[in-house]
2 protein chains.
Amino acid sequence: MTRDAAARQEIALLLRRLNVELDAVGQRFAERHGLNRTDVRALVAIMDAARRGEALTAGRLGEAVDLRSASVTALVDRLEKVGHVRRVRDPEDRRRVSLEMSDSAMAAGAEHFGGLARDLVGAMAAYTDDELAVVHRWLEDMTAVIEAHARAGGPPGA
Amino acid sequence: MTRDAAARQEIALLLRRLNVELDAVGQRFAERHGLNRTDVRALVAIMDAARRGEALTAGRLGEAVDLRSASVTALVDRLEKVGHVRRVRDPEDRRRVSLEMSDSAMAAGAEHFGGLARDLVGAMAAYTDDELAVVHRWLEDMTAVIEAHARAGGPPGA
DNA sequence: TCAATTATCTCGATGGTCGAGATATTAACG
DNA sequence: CGTTAATATCTCGACCATCGAGATAATTGA
């Protein structure tokens, strides 16, 4: 079945390399704005939620970035101090603290990550719809395999 | 030119999702072995070098994972304490400290990451060589775009 | 031999993360 | 209502990864 195993291995390596470069984009954004990686992950989570029309609470944010409540407090303190987010007490359940991104932070994120997305889409103009259908299927298949590893942890032997 | 822009945007989102899952694999490996993310990156760098037939020195490792010498010392201390690496004074230049992975660490890494690579290659058996050629080209193109962003940092406006 | 360079390590300080517990709010129930 | 349990967030103290500055050791060149 494996006509050319070497080519398939090379693709796996290409994928890893892409992953490294993608991480570097986040790293660069962090350096540019004086943030650490956790802060960037948090901002991305908040932006994603905002795009879905939801406002994250401190607790939900902690789940999204896998931090305990103490760390979330410190995290939001940092983001609030530099003006990237605002704490807003939820009027319906005043135990909750909703997080709202400032316009400037939203703009910076959209510029950086949105710009990348735009360029990626632009580069895909060189592909036919049929070719992109193949890529789409491949990404879904690979993600499923990776997801299984991330969840199950070790290989079947364990 | 863009026959279906929505499909292209969806692919960009799929790619980001894959990136997240791929990071989770490293995270899982770290938890399983009581390591932090830096330690895992270091072990991967040492493994990659070993695969190329080179033995990393402390300094080279620091460049690979972007840490100062003080941090590298602490890092290697941690890895050595749990028996994943050995410090070996280079007999030709005794200022240098070469890092050698223990067999157990090498085996654990090969099992975890090698297993993933194997499964990825296995999943690619469902693709024709022509289809994989498209994927290959696409990965190279996307990596180039991402690389440009990671290097140049911000978008053209900056 | 002596000075300059290179490679690594030591030390003290900074900062992110966490566990345990405190505080405030809401929900459940008699 | 009043009391208790559950939920959401915050405070406090401690741990550990990282770093900058400087120390130590080895090599190179004159």
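Residues numbered from 1 in each chain as written. Chains lettered and ligands numbered in written order. Predicted model: local features only at pLDDT ≥ 70, side-chain atom pairs only at ≥ 80, totals over all residues. Heavy atoms only, no water.

Under the annotation held in an unreviewed UniProt entry, chain A carries the name Transcriptional regulator and is attributed to Blastococcus saxobsidens.

Student: An account of the environment of leucine 120 of chain A is requested, with residue identities and associated values reported.
Tutor: Here leucine 120 of chain A shows up in helix H5 (residues 103-123). Leucine 120 of chain A sits in the buried class, given a relative accessible area of 5%. Leucine 120 of chain A sits 102 residues away from leucine 18 of chain A along the chain, and the two C-alpha atoms are 13 Å apart. Apart from residues lying up to four places away in sequence, leucine 120 of chain A is in contact with Leu15, Met142, Val145 and Ile146 of chain B. (Helix = DSSP H or I, 4+ residues; strand = E, 2+ residues; numbered from the N terminus. Buried < 20%, exposed > 50% of the residue type's maximum accessible area, 1.4 Å probe, protein only. Contact = heavy atoms within 4.5 Å.)

Student: Account for the side chain of glutamate 21 of chain A, with residues named and values stated.
Tutor: Counting through the fold element by element, glutamate 21 of chain A comes out in helix H1 (residues 5-32). Aside from chain neighbours lying at most four places away, what touches glutamate 21 of chain A is Thr143, Ile146, Glu147 and Ala150 of chain B.

Student: Which residues make up the relation of the copies chain A and chain B, and what are the values?
Tutor: Note on the identical chains: chain A maps onto chain B by a rotation of 180 degrees and an axial translation of 0.0 Å, with an RMSD of 0.1 Å. On this basis, the relationship between the two copies can be described by a two-fold rotation axis. (Least-squares fit on C-alpha atoms with pLDDT ≥ 70 in both.)

Student: Can you lay out the interface of chain A and chain B for me, pointing to particular residues and giving the numbers?
Tutor: Residue-level contacts link 59 residues of chain A with 58 residues of chain B. Around 6200 Å² of area is buried between chain A and chain B when both sides are counted, 67% of it from carbon and sulfur atoms. Where chain A meets chain B, there are eight salt bridges. Arginine 137 of chain B is paired through a salt bridge with glutamate 131 of chain A; the nearest N and O atoms lie 3.1 Å apart. Our count for the contact surface shared by chain A and chain B stands at 21 residue pairs in polar contact (both at pLDDT 80 or more). Those elements giving two or more residues to the side of chain A that touches chain B turn out to be H1, helix H2 (37-51), H5 and helix H6 (129-152) of chain A. Top element by residues in the side of chain A that touches chain B is H6 of chain A. It accounts for 20 residues. (Buried area = accessible area lost by both parts, 1.4 Å probe. Salt bridge = Lys/Arg side-chain N within 4 Å of Asp/Glu carboxyl O. Polar contact = N/O pair within 3.5 Å; in protein donor to acceptor, adjacent residues only side chain to side chain.)

Student: Break down the protein's contact with DNA strand C for me, citing the residues and quoting the values.
Tutor: In the vicinity of DNA strand C there are 22 residues, among which Thr38 and Ser71 of chain A together with Gly59, Ser69 and Arg87 of chain B approach most closely. Close to the protein, within 4 Å, the atoms of DNA strand C belong to sugar or phosphate groups at a rate of 70%. Within the side chain of arginine 78 of chain A, an N or O atom sits 3.0 Å from a phosphate oxygen of DNA strand C. For DNA strand C, a phosphate oxygen lies 3.4 Å from a polar atom in the side chain of threonine 73 of chain B. The set of elements that each furnish at least two residues to the surface near DNA strand C consists of helix H4 (69-81) of chain A together with helix H3 (58-65) and helix H4 (69-81) of chain B. Examining the composition of the surface near DNA strand C, we find that four residues originate from one element, H4 of chain A, more than from any other. Within the surface near DNA strand C, the residues separate by chemical class into six nonpolar, seven polar and nine charged. (Near = heavy atom within 4 Å. Nonpolar A, V, L, I, M, F, W, Y, C, P; charged D, E, K, R; others polar.)

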